[in-house]
Amino acid sequence: MKNEHGLTPQREAYAVALASGLSQADAYRKAYPKAERWKDETVWQAASRLSSDSKVRARVQAIQAAAAEKAGLRAAEILEETRRIALSTPKGIIGRRANGQAFVLMPNELDDATAAAIASFEIDDMGRIKYRFWDKNAALERAAKILGLFGKDNEQKANGLVTLYGRLTGSVFQPVPEAALPESEGEGDKG
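Because the structure is a prediction, the values reported are computed rather than measured.

Q: Please clarify how the overall build of the chain should be interpreted in this entry.
A: For the chain, the helix and strand inventory stands at nine helices and four strands. The burial tally for the chain puts 21% of its 191 residues in the buried class. When contacts within the chain are restricted to residue pairs at least 6 apart in sequence, those whose partners lie at least 24 apart make up 40%. Accessible surface for the chain amounts to roughly 14,500 Å². Of this, 55% is attributable to carbon and sulfur atoms.

Q: Help me understand the pattern of salt bridges, please; the structure alone is not making it clear to me.
A: A side chain with one charge may pair with a side chain of the opposite charge, provided their charged atoms come close. Inspection of every chain in the model, using the stated rule, returns eight salt bridges. Linking D26 and R29 is a salt bridge whose minimum nitrogen-to-oxygen distance equals 3.9 Å. On the criterion of helical spacing, the pair formed by D26 and R29 is a turn pair, its members being three residues apart in helix α2 (residues 24-31). Given a relative accessible area of 39%, D26 falls into the partly exposed group. Residue classification places R29 among the buried residues on the basis of a relative accessible area of 14%.

Q: Sorry, what's going on with the side chain of S88 here?
A: Summarising the element assignment, S88 is placed in the loop between α5 (75-86) and β1 (94-96). Note on S88: relative accessible area 12%, which makes it buried. Aside from chain neighbours lying at most four places away, what touches S88 is A117 and K136.

Q: Sorry, what's going on with the packing of aromatic side chains here?
A: Between two aromatic rings, the relevant description is the distance of the centres plus the angle of the planes. As enumerated under the stated definition, the model contains four aromatic pairs in all. Aromatic pair Y28 and Y32: ring centres 4.5 Å apart, planes at 25 degrees, arrangement stacked. Y28 gets classed as buried once you look at its relative accessible area, which sits at 10%. Overall, Y32 belongs to the partly exposed group, its relative accessible area being 22%. For the pair Y28 and W38, a centre-to-centre distance of 5.8 Å together with 45 degrees between the ring planes defines the contact as tilted. A residue pair is termed long-range when its members are at least 10 positions apart, and Y28 in helix α2 and W38 in the loop between α2 and α3 (40-51) qualify at 10 residues. According to the relative accessible area criterion, W38 is partly exposed, its value standing at 35%. Three or more aromatic residues joined by ring pairs form one cluster here, namely Y14, Y28, Y32 and W38.

Q: For this particular structure, what's the right way to read a nonpolar patch on the surface?
A: On the surface, a cluster of nonpolar side chains totalling about 260 Å² of accessible area is made up of M106, F121 and I123. Within the fold, F121 resides in strand β3 (residues 118-123).

Q: When you look at the packing of helix α1 (residues 9-19) against helix α4 (residues 54-71) in this model, what are you seeing that I'm missing?
A: Two measures define how a pair of helices packs: the angle their axes make with one another and the distance between the axes. Orientation of α1 relative to α4, taken along the N-to-C sense of each, is 45 degrees, at an axis distance of 9 Å. Between α1 and α4, the interaxial angle falls into the category oblique. Along this stretch, α1 crosses α4, giving a crossing that reads as right-handed. In this structure, α1 uses R11, E12, Y14, A15, V16, L18 and A19 to contact α4, whose residues at the interface are V56, R59, V60, I63 and Q64.

Conventions we followed
- Residues numbered from 1 in each chain as written.
- Predicted model: local features only at pLDDT ≥ 70, side-chain atom pairs only at ≥ 80, totals over all residues.
- Heavy atoms only, no water.
- Helix = DSSP H or I, 4+ residues; strand = E, 2+ residues; numbered from the N terminus.
- Buried < 20%, exposed > 50% of the residue type's maximum accessible area, 1.4 Å probe, protein only.
- Contact = heavy atoms within 4.5 Å.
- Areas by Shrake-Rupley, 256 points an atom, 1.4 Å probe, with all protein chains shown as cover.
- Salt bridge = Lys/Arg side-chain N within 4 Å of Asp/Glu carboxyl O.
- Phe/Tyr/Trp six-rings, centres within 6.5 Å; stacked < 30°, edge-to-face > 60°.
- Patch = residues over 30% accessible without salt bridge, like charges linked within 9 Å, V, L, I, M, F, W, Y side chains within 5 Å.
- Axes fitted to C-alpha atoms, helices over the stretch in contact; angles between N-to-C directions.
- Parallel < 35°, antiparallel > 145°, perpendicular 65-115°, else oblique.
- Left-handed = near helix turned anticlockwise from the far one by under 90°.

Okay, here's the thing in structure tokens:
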């Protein structure tokens, strides 16, 4: 019997497990307990086919959207907060008096963009304010990841490791012939 989303109870269980963060294979095994006895390859193939089903994909997305809504987080809000921190500037904590004299604003006087960039503040006994901003570099790096700017860099690193691995032959843990050691190392053992 199918539910209002057009899914059988097992497919619904799979979608819920997948949306909760389980891997495809683990979600499949949870929804279909008999799969615990199957070979990994068989489970992977079955889970992959089930994940590509349009009704299952739509249900997973709906569950994730509902969870995000319930948590009060939306992708646009996360991006906006990352943007605020990444583009923040300390000049937002400075005010000017009518005579042009600069002063540090109190936390309640900050504009929204500047307030979002503040991680904490302290007011000492003398009334001096010390602001600590969120890490701008971390926000810029997060924004770059969101925008996919590290894709090429990560690809290059992975390809470099594959190339290096492909060049290795024989045992990596062979003793180094003494003749191959620099003079200072080779002579230090004689003694």
